[in-house]
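Letter by letter, the chains look like this.
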Amino acid sequence: MSLIEKTALEIRELQNNGSVTAEEIAKQFLSQVKTHDGQIKAFLHIDPENILDQAKKIDEKRKQGKALGALAGIPVAIKDVLCCRGVPTTCGSKMLQNFVPPYDAFVIDRLKKADAILFGKTNMDEFAMGSSTENSAYFTTRNPWDTTRIPGGSSGGSAAAVAACEAPLALGTDTGGSIRQPAGLCGIVGIKPTYGRVSRFGLIAFASSLDQVGPFTHDVADAALLMEVISGHDAKDSTCVNVPVPSYLAQLDQPIKNLTIGVAKEFFGEGLDSEVESSIRSALKVYQSMGATIKEISLPHSKYSVAVYYLVATAEASSNLARYDGMHYGHRTAQKKDLISAYSNSRGEGFGKEVQRRIMLGSYALSSGYKDAYYLKALKVRRLIKNDFDKAFADCDVILGPTSPTAAFKIGEKADNPLAMYLSDIYTISCNLAGIAGMSIPCGFTKGGLPIGLQILAAPFEEEKMLRVARMFEKQTEYHQRRPKL
Ligand code: GLN
């Protein structure tokens, strides 16, 4: 029986009723990787022997009648920004080419406790800066629906791995859209949890007031499952909030009664592709046919999101990435005459162009004389963006709109135009700035066969409601069941 196109919950069921073993599961996904990853290039690092070992241990545990975790025997691909003990963790950068972490990130620890199979590290834009994986220092990942196109980014490897059925589940991180955008462009489900819902301990920081870890899955039920495993309080991350984690799966099939959907006119502006727009409008009709009320809302400050983000995120990145100087951490140059040349050559050799650009932007925004005009001003506008959402959520359960303005673009199309690249996150960034929850679900395809993502935004810690709203749509449609022909 072929398992690769199945969801994690389906695979779990087949294991529970004795139809398959963890070893068989691992072998099938490894064989899919072997056949197709030469073309897709989702993985930076994968160790088949170790994966089979993990799987055999799970089978052994089951044989002995021991209790098994929620993800027993299920492969989970991991974005290479998350520390895994003893496994190379490069962050898509030459700077960390030889880094092997001595500890596990909190979410990795949770996966291990859930008996999941850690299934390799996935490609990403260097230090999670990018929207296409073209900024990876190693190679560009390809979109499984059209291998001449980007899979999105920065978690493009994780998204492509799930879309290409190389793993049923994956983890990514989202600072300005890096889970939702690649999920949308690869036709799968991706969640950026509320800021504080998931611990970032062991996540290599990009912009600490924005970063969150979240799942990639084929459908909403799997996303609920993975959210249950990774959410929850962790004393090792002081920004992780101690609020109970509901069972996201338990209520998932209960539709929200009297659902009010906010539709922001700012999310349907200039630059929105007409095929994307018509898919989103059709999705809204699906909700209306289930009795939902559509309410026009306004998020007047969202037009400043991209500008605010490129001040706040770069300022934080310039500070977070200061530690990679070849002395404290990271690549050390062979070309050093003195301390200053050792620092600057190590950083110049270790960081790629985009990362250097961000560090320079951020250092400038924080420099004395400019800090008030740029960084502090951006923080004030950030608050206004958050206030807009608070006001909107007073009257609406969720806000719906496009995840991205266009379907997946061609490799190379925006590589030399940073501004065009930055604008591809125009609908996802405000969610991170406001710290709210967001997800993308498949809601259609272009005439050319490229997936289109519907973005669902919810108030802080309302993941349960967000997932139920997503599930309502999924039950009426079949987009989540399609798989690309490789
Ligand atoms: N594309 C955005 C950036 O380049 C978002 C990245 C992310 O969410 N990690 O910053």
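Keep in mind that this is a model prediction, so the values were computed, not measured.

1. Regarding the side chain of Ser-132
Part 1: With respect to the helices, strands and loops of the structure, Ser-132 is situated in the loop between β3 (117-122) and α5 (156-163).
Part 2: A polar atom in the side chain of Ser-132 sits 2.7 Å from the side chain of Glu-134.
Part 3: With sequence-adjacent residues up to four places away left out, Ser-132 is seen in contact with Asp-125, Thr-140, Ile-150, Pro-151, Gly-152, Gly-153, Phe-409 and Met-421.

2. Overview of helix α15 (residues 463-476)
Side chains of residues three or four places apart in an α-helix project in the same direction, reflecting 3.6 residues per turn.
Part 1: In this model, α15 (14 residues) spans 20 Å end to end at C-alpha, consistent with the 20 Å of a helix rising 1.5 Å per residue.
Part 2: Buried within α15 are the following residues: Glu-463, Met-466, Leu-467, Arg-468, Val-469, Ala-470, Arg-471, Met-472, Phe-473 and Glu-474.
Part 3: For α15, the secondary structure elements touched by its buried residues are β5 (189-192), α7 (220-230), α8 (274-289), β9 (398-402), β10 (437-445) and β11 (451-458).

3. Side note on unusual backbone geometry
Part 1: Of note, the bond from Gly-153 into Ser-154 is cis; its omega dihedral lies within 30 degrees of zero at 5 degrees.
Part 2: Secondary-structure assignment places Ser-154 in the loop between β3 and α5.
Part 3: We note that Cys-91 has phi near 60 degrees; this positive angle belongs to a residue other than glycine.
Part 4: Secondary-structure assignment places Cys-91 in the loop between β2 (75-79) and α4 (106-113).
Part 5: Exposure remark for Cys-91: the relative accessible area of 0% places this residue in the buried category.
Part 6: Phi is positive for Phe-127, close to 55 degrees, though the residue is something other than glycine.
Part 7: With respect to the helices and strands, Phe-127 occurs in the loop between β3 and α5.

Conventions and cut-offs
Residues numbered from 1 in each chain as written. Predicted model: local features only at pLDDT ≥ 70, side-chain atom pairs only at ≥ 80, totals over all residues. Heavy atoms only, no water. Helix = DSSP H or I, 4+ residues; strand = E, 2+ residues; numbered from the N terminus. Polar contact = N/O pair within 3.5 Å; in protein donor to acceptor, adjacent residues only side chain to side chain. Contact = heavy atoms within 4.5 Å. Expected span 1.5 Å × (residues − 1). Buried < 20%, exposed > 50% of the residue type's maximum accessible area, 1.4 Å probe, protein only.

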